[in-house]
Every structure is written in structure tokens, then in C-alpha cells.
Amino acid sequence: MDNQKESLVQKGKKELDKRFSRLVGLSSSNLCVRCGLCVDACHYIMSDGKDLAVSPVAKAEQVRQVYKKHHDWLSKVFPRWTGAQKLTEEKLKDWREVAYKNCSMCQRCTVNCPLGVDIPAIMGATRSTLSSLDLAPEMLTMLADMAISREENLDAFRNSFVNQIRSMEKELQEKMGDPSATIPVEVQNANFLYVPLSGAHTILPAAHIFNKAKESWTISMYEAANYGIFLQDTARSKKITDRIVNEAKRLGVNEVIITECGHAYSTFRWTAPSWYDEPWPFRVRNLVEVIDEYIQTKRIKVDPEKIKESITLHDSCNLARNSGLIEEPRRILKALVKDIREMSPNKERNICCGGGGGLVANPEWAETRLKAGKPKAEQIKATQAEVVVASCDNCRHQIEELNDHYDLKVKVTGLSEIISEALI
Amino acid sequence: MISESLLHFVEFELQIIALTIFAILYALKIVQLVKLPMPREVAPASGNPAKGVAFSFSTLINPFSMDSTTKHLWRWMEFLIYHLGALSAILATFTLPFAPKMMAYPVRIVFAIFIGLGAIVGISKIIRRLANPHLRYVSVPDDYFSLIAVEIYFIAAAGCLVYFTDGWRFVFFLITALFLVYVPFSKISHYVFWFFARIYLGIRFGRRGILPKKRLQHG
């Protein structure tokens, strides 16, 4: 038993060290002066502020004290002076809560740190270490493995997928009153490959828009979601990305368009290209960017009188603060909504809804997640808007739950859905 | 009584020895840092990394660029006063021995005022660290020691500049030398790492068109 414990700790040390990159090293060094300015920038603290262990600096310190023990000169000699501590099995188990449950990796602490300490980089290294030790949340691991197995069993899965799409296509034709409207599958040399999530709400509105724009497109056989990135497990994440990269190459498309999903987009657009030796022969964009282009270039027209309700936009952390899609959704909404009510703060300063970082996928964390979502619920309530537009499916799911939990009395929808309603 | 030769040693030779140790330690720390792997983002940029870096550094002088400093404007004022105090004290360690003519009484008093204000802010920092439960929870002995050490350094510097006696000069330069050797080990090192952190953050935010915001096309 002791040997087993020792081996887990030894392995943990090695895995932690493998992830000691320059960013993690810098953020684990004496860069952080523990000034506490990040404390009330975090939605976990904003929600009640009582749990001292969940402030960004406190979460980072729990991991930093181990990194210090191994990498900081003074800490090696006088560990108590700097708070450095040895890695233990208990610590590794505690980190599961620190890095997975009590941090949604929203990066609000980073943009509010006067020094630029990248706490999510430390949390990422921690998540990744735990994942390599099989200490990551089982639900996230299972969802990532299911996505990978979909490619391995593609032949068995293809027919049911095509049948589902054909059924949705009929619905689309009825909605558009156009029997020629299509949801193309595996079309060679289409202009773009659209990668949705599971569920018609990420397929039908987008298909409606693409058909109206007379776009040359084809739908991906795979879902955009990448649960491997929540685990910070590059091997799993890459396998999930590979499916779409290989499909795009096989079909010879010019672009891959990722649906309204924050983590999927930031992974595919910004992180994943670094995992490949060769640059991809296609461009990557988000559906929001495509819709914005269609409206600006008048490829689609929207009825500005159609949407009567007041609307507020929730900036997904992954789309806005992590990917720079800040003005595009606003420009789209301006084309069709008269009463837009901004939350405060917003854009790259937005407050996380509490559902990011994989939290929304894990039912056992629902209570924590809903509590952490309180600042977002208050922001929404303060706008007195009737509709919340969320261009990220995880955010949308979380805000729908916040709506019930905090009795917000709002309708929650996606950007493509609202555009689809107003298309002329 | 401090002999002239001892004062000269403390003001010149000892400072050079301490500065050399300081420089070697930081050089080693920086080498250690840059030897760590740094995954590069290869995705095509949608913004300008150079502008991102410029923006990243501008947060130093623009408290309204971050919610944290907008909300806690006094904390930003404290930062400014405290660091002006530190800058004045550091500058004095060079100007007193190397440009003594410049350090006439009125100039020394101006320096001392900046340092004194920094010392007052330092006391408020110590009180906050003790009083705020979030800060107390994460604080380690080095946090308290560093604040107290800077406080002693400020008092020695101000005392030296105001009274300008051999005794005060000896104390100030001796503390400076000790400080130079301790700083690379302590959290006071943040001012070196800060450059790297703001550059990396600026590159990422700039490339991705987050800050400053990218110019939209197709409009």
C-alpha cells in the first residue's frame, strides 16, 4: 500500500515536471506577489466570498507550493519561508476539486492581474497531471473517449447519422418552404465543412442560414465538442481534433466552420494547430464570423422588425476573452434587434457563467456550478432583458439552469437561432 | 563613529559586490526560465502581437484598463506611490555616491518625500495583509518579511537623505547591499518576471485580436 502511494506521488512529480513550461514556471515563480487583486475578479468569490480556498490566488498557491518545493532555490532550503510543500497523495486528490471543480479556466483572473500571472496555465498543468494519473473526473474522460470511439466505429455510425440528417432536412424544407433546401453530407470540394454539436439546435438554424446564403457547404460527421481539452489531455484532444482535420482534408474544403461552442472553437482555432507538424490546408472560423460576413456583405437579409423583445448578449469566455470574437456578435445583433442591453461588465471583461471548463458536463458539480453562476444571474437580471443570447452551448445550458434556479424569467437562445427566425 | 574608509567601502566596493551577486543570480534565474519549453501558437493571427504587447504594458499606467484596478483605484494609487518611493530610494543609491553635487539638500528632501510616502503606503500594505482574510490565507513568511524589509529600506533611505550623517549613510548603504542579495530570492523579484509575463500575455492577446480589439473586416 505504501509502495503504491509512493509510486502515485513519484509519478505525480514526474507528470507535474513534464508540464513545467515557461508560462507555468513564470506563473509559479515570484511573479505573483499575492496582492489579492484577482480575488474579487473571480465569479466563485463574487458569488459569496466566504470560501477562502477558492480565490484564484489561493487555488494557484495550492499547486505553486509544490512547484516551489522543486524549482525555487529559497524554497528548496527554507520551504516554510515560502510556503513550499511536498507533493502528497492527499494533495493530488484535493487538486481534483481545486483545478476541475473550483475553476472554470475563464481567465478573468489573468486579465485582472496587474502582473499578468497566468493562473489558468497552472490550473491547466494541474488538470493535465491529474488526467495522466487517472484522477480526472470520470465523466469528462468518458465523454472524451466516446468522441474518439465515434471515428473508430464510423461505418456503423454513418447510416444512422445520414438518416438523422435527412429527417432534419425535411424539417428544414418545411420551414423554408423550399423543397430544394439541403443539409449536404460528405460533399467533396465544398467551400466549407460545418462542424455542429449533437442536437438539431446547432444544425437546423445554421443550415437555414447557409441555404439562404446559397453557400457551398457540407456537414461534419463529428461533433465539435472536445472534452479532451477540459482534461488538458493533449493526446485525447488531438485524437478528437484529428477526426475533423482528416475529414476536412479528405473532402478538400477551404474552411472549417465551428458551431457556436466556445471551447470547441478556441481549441480548434488557436490551440490545436500547434499539435501538427504541417499547417492545415484550410482556414478555421466560427459560425458567428460567417454570419457576420453574410450580413455585412448582404448575402443574407434579416427583418429588423421581426425581433420585438429586448436582448442581452452573454460573452462566452472562450469566444470573447480567449478568441477575440467580441464585436462580431454585437454587429449581428444590431442588424436585427432594436433593444440591445449590454451586461456590465462585458466583452473581454465579462463574468463567466460558471459552466465553463467542463463543469456543465459533470452532474455532481451542479450545486457548485449554480452557486458560482450567481454573479451572471445578477448581471442578466440587472439588464431586465427578455432574451439572453449565448453563442456557446455550454454557456447556454448553464444560463438555462440559472434561469430556473434564480427565477430570471428570460428566454435563452443562440445567435444562429435568432438569425434564423428573422431571415427574409 | 564610522571611519571614512569604511563608509567608502560600504558606498562603493560593497555595492559593487552586492550588485554583481544580484546580477549573477538574476542572470541564472532568467536562463533557468528561458530554458523551459515555451509552446508557440502557430495558428494564423487575427490581430497584431506587437500591439498586444504595447497594450499589455500600458496597463501599468492606465488603471482603467482592468476591472480590478478600476474597482480598487486606491490600490492602483498605492502601487504608484509605493513604486515611486522604491524608485527614488534605488536612484539615491547611485546618485549619492556617483553624483553627490546633484544631491543638494532640496533634492534630497524631494527624494525623501517620495520615499516617505512609499513608507506610509507600505504600512497600509502590511495592515491589509494582516486584516484581509483572503490575503492572510495565502500569505507566507516571505510576504511579511519582504514588506517589512522594504519598510526598513525606505526608513533608512529617508533618514540618510534628510540627515545625511555618516551613520545614516552607512546604515542605508549596508541595508541596500543586504537587500540586493536577498531580493533575487524573494517575491520582490516580481519586477523582473513582470516583463516576461506581460510580453507573453500581450503576444497572446494581440495575436488573437482580444486586446487591443482587432479591426473587423468585410464591413
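Keep in mind that this is a model prediction, so the values were computed, not measured.

### Overview of the overall build of chain A
Then comes step 1: From N to C terminus, chain A includes 21 helices and seven strands.
Then comes step 2: Its C-alpha radius of gyration of 22 Å places chain A within 12% of the 22 Å reference for a compact globule of 424 residues.
Then comes step 3: Along the first, second and third principal axes, the C-alpha atoms of chain A reach 75 × 50 × 35 Å.
Then comes step 4: Partitioning the contacts of chain A with sequence separation of at least 6, the portion at a separation of at least 24 is 78%.
Then comes step 5: Total accessible area on chain A stands at roughly 16,100 Å², and carbon and sulfur atoms take up 49% of it.
Then comes step 6: Charge-centre separation for chain A: the mean point of 59 positive side chains lies 4 Å from the mean point of 57 negative side chains.

### Remarks on empty space enclosed by the protein
Then comes step 1: According to the stated counting rule, one finds ten cavities of 30 Å³ or more in the structure shown.
Then comes step 2: By volume, the largest cavity is sized at about 150 Å³.
Then comes step 3: In this structure, the largest cavity is lined by 14 residues; those nearest its centre are Val111 of chain A together with Phe55, Ser65, Phe205 and Leu211 of chain B.
Then comes step 4: Sorting the residues of the lining of the largest cavity by element identifies α2 (49-58) and α9 (190-207) of chain B as the ones contributing at least two each.
Then comes step 5: Sorting elements by how many residues they give to the lining of the largest cavity places α9 of chain B first, with three residues.
Then comes step 6: Here the lining of the largest cavity is composed, by residue class, of six nonpolar, four polar and four charged.

### Some remarks on helix α5 (residues 105-131) of chain B
Residues and elements named next belong to chain B.
Then comes step 1: The first and last C-alpha atoms of α5 sit 39 Å apart over 27 residues, in line with the 39 Å expected at 1.5 Å per residue.
Then comes step 2: Turning to α5, its buried residues number three or more, namely Arg108, Phe111, Ala112, Ile115, Gly118, Ala119, Val121, Gly122, Ile126, Arg128 and Arg129.
Then comes step 3: Those residues of α5 hidden inside the fold are in contact with α4 (73-98), α6 (133-138) and α7 (141-163).

### Here we look at the sheet that holds strand β3 (residues 255-258) of chain A
Residue and element names in this part refer to chain A.
Then comes step 1: Strand order in the open sheet made by the four strands is β2-β1-β3-β4, with parallel pairing throughout. Whereas interior strands pair on both sides, the edge strands pair on one side only; in this sheet they are β2 (217-219) and β4 (283-286). Strand-to-strand, the axes of this sheet are offset by a mean angle of 25°, without reference to chain direction.
Then comes step 2: Taken together, the four bridges between strand β1 (residues 192-195) and β3 define a ladder with parallel strand orientation. Residue pairing in the sheet places tyrosine 194 in a bridge with isoleucine 257 of β3.
Then comes step 3: Sheet strands in contact with helix α15 (residues 262-271) are β3 and β4, and its direction is about 160° off that of β4.

### Quick look at the environment of proline 137 of chain A
Residue and element names in this part refer to chain A.
Then comes step 1: Tracing the backbone shows proline 137 in the loop between α9 (119-132) and α10 (138-152).
Then comes step 2: Overall, the relative accessible area of 0% leaves proline 137 in the buried class.
Then comes step 3: Each C-alpha atom, one on proline 137 and one on glycine 49, is 25 Å from the other, the two residues being 88 residues apart in sequence.
Then comes step 4: Leaving out residues up to four positions away in the same chain, proline 137 has contacts with Arg96, Tyr100, Leu231, Asn362 and Trp365.

### Some points on the domain arrangement of chain A
All names here are of chain A.
Then comes step 1: When the domains of chain A are assigned, the result is domain 1 (2-136), domain 2 (140-295) and domain 3 (301-422).
Then comes step 2: Distance from the C-alpha centre of domain 1 to the C-alpha centre of domain 3: 30 Å.
Then comes step 3: Listed per partner, the contact involves 16 residues of domain 1 and 20 residues of domain 3.
Then comes step 4: Between domain 1 and domain 3 lies a buried interface of about 1,500 Å² when both sides are counted; carbon and sulfur atoms form 62% of it.

### Comments concerning the nonpolar core
Then comes step 1: By size, the foremost hydrophobic cluster in this structure holds 171 residues, and its most contacted members are Ile183, Ile418 and Ile419 of chain A.
Then comes step 2: Top element by residues in this core is α7 of chain B. It accounts for ten residues.
Then comes step 3: Residues within four places of isoleucine 418 of chain A in sequence aside, it is in contact with Ile307, Ile311, Leu333, Leu336, Val387, Val389 and Thr413 of chain A.
Then comes step 4: With 15 residues, the next largest nonpolar core counts Ala377, Ala390, Cys392 and Cys395 of chain A among its residues.

### Structural notes on the pattern of salt bridges
All names here are of chain A.
Then comes step 1: Applying the stated criterion across every chain, the model contains 44 salt bridges over all chains.
Then comes step 2: Linking arginine 34 and glutamate 61 is a salt bridge whose minimum nitrogen-to-oxygen distance equals 3.1 Å. Note that arginine 34 is positioned in the loop between α2 (22-27) and α3 (43-47) and glutamate 61 in helix α4 (residues 56-71), a separation of 27 residues in sequence.
Then comes step 3: Relative accessible area serves as the criterion here: at 2%, arginine 34 is assigned to the buried category.
Then comes step 4: Given the relative accessible area of 6%, glutamate 61 is considered buried.
Then comes step 5: Residues lysine 238 and aspartate 242 are paired through a salt bridge, measuring 3.4 Å at the closest nitrogen-oxygen approach. Linking lysine 238 with aspartate 242, this pair stays in helix α14 (residues 234-251), spanning four residues, or about one helical turn.
Then comes step 6: Aspartate 242 gets classed as buried once you look at its relative accessible area, which sits at 18%.

### Brief notes about the packing of aromatic side chains
Both the distance between ring centres and the angle between the ring planes are used here to describe each pair of aromatic rings.
Then comes step 1: All told, the structure shown has 25 aromatic pairs over all chains when counted by the stated rule.
Then comes step 2: Measuring from ring centre to ring centre gives 6.1 Å for tyrosine 26 of chain B and tyrosine 191 of chain B, while their planes differ by 75°; the resulting arrangement is edge-to-face. Here tyrosine 26 of chain B, found in helix α1 (residues 4-34), pairs with tyrosine 191 of chain B, found in helix α9; they are 165 residues apart in sequence, far enough to count as distant.
Then comes step 3: An aromatic cluster is built from Phe192, Tyr194, Phe210 and Trp217 of chain A, whose rings are joined through pairwise contacts.
Then comes step 4: It is lysine 238 of chain A that lies over the ring of tyrosine 276 of chain A; its NZ or CZ is 4.5 Å from the centre.

### Focus: the interface of chain A and chain B
Then comes step 1: Each partner contributes to the interface: chain A provides 67 residues, whereas chain B provides 64 residues.
Then comes step 2: Together, the buried faces of chain A and chain B total about 5,600 Å²; carbon and sulfur atoms form 60% of this surface.
Then comes step 3: Across the chain A-chain B interface, the total number found is six salt bridges.
Then comes step 4: For aspartate 40 of chain A, the salt bridge goes to lysine 71 of chain B, with nearest N and O atoms at 3.4 Å.
Then comes step 5: For the pair chain A and chain B, the number of links is 30 residue pairs in polar contact (both at pLDDT 80 or more).
Then comes step 6: Where the side of chain A that touches chain B is concerned, the elements lending two or more residues are α2, α4, α5 (73-77), α6 (79-82), α8 (108-111), α15, α16 (287-296) and α17 (327-336) of chain A.

### A short note on the side chain of threonine 69 of chain B
Then comes step 1: Tracing the backbone shows threonine 69 of chain B in helix α3 (residues 67-71).
Then comes step 2: With sequence-adjacent residues up to four places away left out, threonine 69 of chain B is seen in contact with Leu37 of chain A together with Pro63 and Trp76 of chain B.

### Here's the deal with the pairing of β1 of chain A
Residues and elements named next belong to chain A.
Then comes step 1: The alternating pattern of β1 places Phe192 and Tyr194 and Leu193 and Val195 on opposite faces, both of which are buried.
Then comes step 2: Across three bridges, the pairing between β1 and β2 is parallel. Residue leucine 193 lies in a different strand from β2, and its bridge partner there is threonine 218.
Then comes step 3: Running through helix α12 (residues 204-212), the crossover from β1 to the neighbouring parallel element β2 is right-handed.

### Some words on a nonpolar patch on the surface
Residue and element names in this part refer to chain B.
Then comes step 1: On the surface, a cluster of nonpolar side chains totalling about 410 Å² of accessible area is made up of Leu80, Leu84, Leu87, Val110 and Phe114.
Then comes step 2: When residues of the nonpolar patch are traced back to their parent elements, those giving at least two are α4 and α5.
Then comes step 3: For leucine 84, the location among the structural elements is in helix α4.
Then comes step 4: Residue class for leucine 84 comes out partly exposed when judged on its relative accessible area of 36%.

What counts as what
- Within each chain, residue numbers correspond to sequence positions counted from 1 in written order.
- To label them, take the chains in the order written and letter them from A, then take the ligands in the order written and number them from 1.
- The predicted nature of this model means local features are confined to residues of pLDDT at least 70 and side-chain atom pairs, given and counted, to a pLDDT of 80 or more, with totals for whole chains, interfaces and linings taken over all residues.
- Values reported for side chains reflect all heavy atoms of the structure, with hydrogen atoms and water molecules removed beforehand.
- Labels follow the DSSP assignment, with helices taken as runs of H or I lasting at least four residues and strands as runs of E lasting at least two, numbered in each case from the N terminus.
- Each radius of gyration reported is based on C-alpha atoms, and the globular scaling rule is 2.2 Å times the count of residues to the power 0.38.
- When checking whether two residues touch, look at their non-hydrogen atoms; a contact exists if any pair is within 4.5 Å.
- Calculation of accessible area relied on Shrake-Rupley with a 1.4 Å probe; when residues are assessed, cover is drawn exclusively from the protein chains displayed.
- Within this scheme the basic residues Lys and Arg register as positive and the acidic residues Asp and Glu register as negative, but His and the chain ends are omitted.
- One atom stands in for each charge, and that atom is NZ of Lys, CZ of Arg, CG of Asp or CD of Glu.
- Definitions used throughout: a 1 Å grid over protein atoms alone; a cavity as a set of points that fits a 1.4 Å probe which cannot get out; a pocket as an open set with protein on both sides within 12 Å along at least five of seven lines; a lining residue as one with an atom within 4 Å of a point.
- Grid points are joined across faces, edges and corners, and a volume is the space filled by probe spheres set on the points.
- All amino acids are sorted into three groups, where Ala, Val, Leu, Ile, Met, Phe, Trp, Tyr, Cys and Pro are nonpolar, Asp, Glu, Lys and Arg are charged, and the leftover types, Gly among them, are polar.
- By this rule the span expected of a helix is its residue count minus one, scaled by 1.5 Å.
- The buried label goes to any residue with under 20% of its type's maximum accessible area, the exposed label to any with over 50%, and the partly exposed label to all in between, with areas taken from a 1.4 Å probe on protein chains only.
- Pairing between strands requires that DSSP locate at least two bridges from one strand to the other.
- Geometry is summarised by axes, namely lines fitted to C-alpha atoms with helices restricted to the contacting stretch, and by angles between N-to-C directions that run from 0 to 180 degrees.
- Here the limits of each domain have been adopted from an automatic or database domain assignment.
- Here the buried area means the combined drop in accessible surface, using a 1.4 Å probe, for two parts upon being joined, counting both sides.
- We call a set of buried residues a nonpolar core when its members are Ala, Val, Leu, Ile, Met, Phe, Trp, Tyr or Cys and they connect through side-chain atoms within 4.5 Å of each other.
- What makes a salt bridge here is a side-chain nitrogen of Lys or Arg within 4 Å of a carboxyl oxygen of Asp or Glu, nothing more.
- Stacked, edge-to-face and tilted are the three classes for Phe, Tyr and Trp ring pairs, Trp counted by its six-membered ring, which pair at centre distances within 6.5 Å; planes under 30 degrees apart are stacked, over 60 edge-to-face, the rest tilted.
- In this scheme, Lys NZ or Arg CZ marks a charge over a ring once it lies within 6 Å of the ring centre and within 35 degrees of the ring normal.
- Pairs of N or O atoms within 3.5 Å make up the polar contacts considered here, provided that, within protein, one atom can donate a hydrogen while the other can accept it, and that residues adjacent in sequence are counted only when both atoms are side-chain atoms.
- A clockwise course of the path from the first strand over the helix to the second, judged with the strands pointing away from the viewer, identifies a crossover as right-handed.
- Exposure above 30% relative accessible area and no salt bridge define the residues that can form patches, which grow by joining like charges within 9 Å and nonpolar side chains of Val, Leu, Ile, Met, Phe, Trp and Tyr within 5 Å.

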